[in-house]
Amino acid sequence: MSTSVLEQLLNWLSNAKLEPGDKLPTEQELCDRYGVSRTVIREVIANLKAQGLVESRRGSGMFLASQTDEPRIDLPDLSSERIGDVLDVIELRLAIEVENARLAALRRTDSSLFKIQAAEHAFVVAVKSGSVGSREDFQFHRAIAEATSNKRIVEFMLWLEAVLIPRRVLGAKTLQRSGDQDYMALITKEHAAISAAIAEGDSEAAAAAMRHHLEGSQRRYRVWRLTSPQT
């Protein structure tokens, strides 16, 4: 039930054209809108807070959060605008995130699984709205890292955030290329395969799905490197 409500609320947030700092409906208004209990709404709000999408202000209610980056260590001489650097990072991610997915399948709780599925839905909503979904994509990979219950893995993922999802920069330049919408749909399917394997507790399938996902991105950016005169 909470996942369904979360998806509906994410759709509304995507279409409402809200600005950071805008006030959101109250818990009671959300209960009335979606026909669910306060318990369900509070679970959904907790997830949105965990994703950094909303924030509470004591005595004032809930607001759309400002899109500020979390503190992180800078990576010297590493740029998400250089495809060569992006490929280096994807290679590093293969070494880390395949294991993240395997551990997440073994260690995930109901709560951490809900966060993974919620982030997966948020990416779908972003793509349908025409976005490249860089923030939502990162939240999906971060939720998997959190499901490992290893805080050092989470810290490492945050350390890499600046170049972790290269579509943050490259996507805006390439979204109009032929076939790119098909590529976004493919990413959506790959996320679903990873999420499903983790939900089933199948560690080997989760690792394989993550490897397939990242190797697909690796191939894509290699093609861009060959065809782009700016790299």
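Computed from a predicted structure; not experimentally measured.

1. Looking at the nonpolar core
- By size, the foremost hydrophobic cluster in this structure holds 23 residues, and its most contacted members are Val5, Leu6, Leu10, Leu30, Tyr34, Ile41 and Leu48.
- Listing elements by their share of this core, those giving two or more residues are helix 1 (2-15), helix 2 (27-34), helix 3 (38-50), strand 2 (61-64) and helix 5 (110-128).
- Apart from residues lying up to four places away in sequence, Leu6 is in contact with Val44, Asn47, Leu48, Phe114 and Ala118.
- Residues Leu94, Ile144, Ile198 and Ala207 belong to the second largest nonpolar core, which totals 20 residues.

2. What to know about helix 6 (residues 134-147)
- For helix 6, built from 14 residues, the straight-helix expectation of 20 Å at 1.5 Å per residue is met to within 8% by its first-to-last C-alpha distance of 20 Å.
- With 11 of its 14 residues buried, helix 6 lies for the most part within the structure.
- Among the residues of helix 6, Ser134, Asp137, Phe138, Gln139, Phe140, His141, Arg142, Ala143, Ile144, Ala145 and Ala147 are the ones counted as buried.
- Of the residues one or two after helix 6, Ser149 is the one with positive phi, at around 65°.

3. Brief notes about unusual backbone geometry
- In this structure, Ser149 is a non-glycine residue whose phi angle is positive, near 65°.
- Secondary-structure assignment places Ser149 in the loop between helix 6 and helix 7 (151-159).
- Since its relative accessible area comes to 61%, Ser149 is described here as exposed.

4. Some remarks on helix 5
- With 19 residues, helix 5 should cover 27 Å at 1.5 Å per step; its first-to-last C-alpha distance of 27 Å lies within 8% of that length.
- Where helix 5 ends, the next residue or the one after it, Gly130, has phi of about 95°, a positive value.

5. Overview of the packing of helix 5 against helix 6
- In the contact formed by helix 5 and helix 6, the axes pass within 8 Å of each other and the chain directions differ by 170°. Comparing the axis directions of helix 5 and helix 6 gives the class roughly antiparallel. Together, Ser112, Lys115, Ile116, Ala119, Glu120, Ala122, Phe123 and Ala126 of helix 5 and Glu136, Asp137, Gln139, Phe140, Ala143, Ile144, Glu146 and Ala147 of helix 6 make up the contact between the two elements.
- Here the contact of helix 5 with helix 6 is composed, by residue class, of nine nonpolar, two polar and five charged.

6. Brief notes about the pairing of strand 2
- Relative to strand 2, strand 1 (residues 54-57) runs antiparallel, the two being bridged by four bridges. Opposite Val54, over in strand 2, you have Leu64 as the bridge partner.

7. Re the confidence of the model for the protein chain
- In the predicted model, the protein chain carries a mean pLDDT of 79, and 77% of its residues have values of at least 70.
- Contacts of residues 68-80 to residues separated by more than four positions or lying in other chains number 24 contacts, the stretch itself having pLDDT below 50.
- With pLDDT under 50 throughout, residues 166-178 is counted as low confidence; its partners more than four residues away or in other chains account for 35 contacts.

8. Side note on the packing of aromatic side chains
- In total, this model carries zero aromatic pairs according to the counting rule given.
- Between the NZ or CZ atom of Arg57 and the centre of the ring of Phe63, over which it lies, the distance is 3.9 Å.

9. Some points on the pattern of salt bridges
- A complete count under the given rule lists 10 salt bridges for this structure.
- When the shortest N-O distance is used, the salt bridge between Glu97 and Arg93 registers 2.5 Å. Note that Glu97 and Arg93 are positioned in helix 4 (residues 83-107) at a spacing of four residues, about one turn of the helix.
- According to the relative accessible area criterion, Glu97 is buried, its value standing at 1%.
- Between Arg152 and Glu155 there is a salt bridge; the shortest N-O distance is 3.0 Å. In this pair, Arg152 and Glu155 both sit in helix 7, three residues apart, roughly one turn of the helix.
- Salt bridges linked by common partners bring Glu27, Arg38 and Arg42 together as one network.

Cut-offs and rules
Residues numbered from 1 in each chain as written. Predicted model: local features only at pLDDT ≥ 70, side-chain atom pairs only at ≥ 80, totals over all residues. Heavy atoms only, no water. Core = buried A, V, L, I, M, F, W, Y, C linked by side-chain atoms within 4.5 Å. Buried < 20%, exposed > 50% of the residue type's maximum accessible area, 1.4 Å probe, protein only. Helix = DSSP H or I, 4+ residues; strand = E, 2+ residues; numbered from the N terminus. Contact = heavy atoms within 4.5 Å. Expected span 1.5 Å × (residues − 1). Axes fitted to C-alpha atoms, helices over the stretch in contact; angles between N-to-C directions. Parallel < 35°, antiparallel > 145°, perpendicular 65-115°, else oblique. Nonpolar A, V, L, I, M, F, W, Y, C, P; charged D, E, K, R; others polar. Pairing = 2+ DSSP bridges. pLDDT = per-residue confidence, 0-100. Phe/Tyr/Trp six-rings, centres within 6.5 Å; stacked < 30°, edge-to-face > 60°. Lys NZ or Arg CZ within 6 Å of the ring centre and 35° of its normal. Salt bridge = Lys/Arg side-chain N within 4 Å of Asp/Glu carboxyl O.

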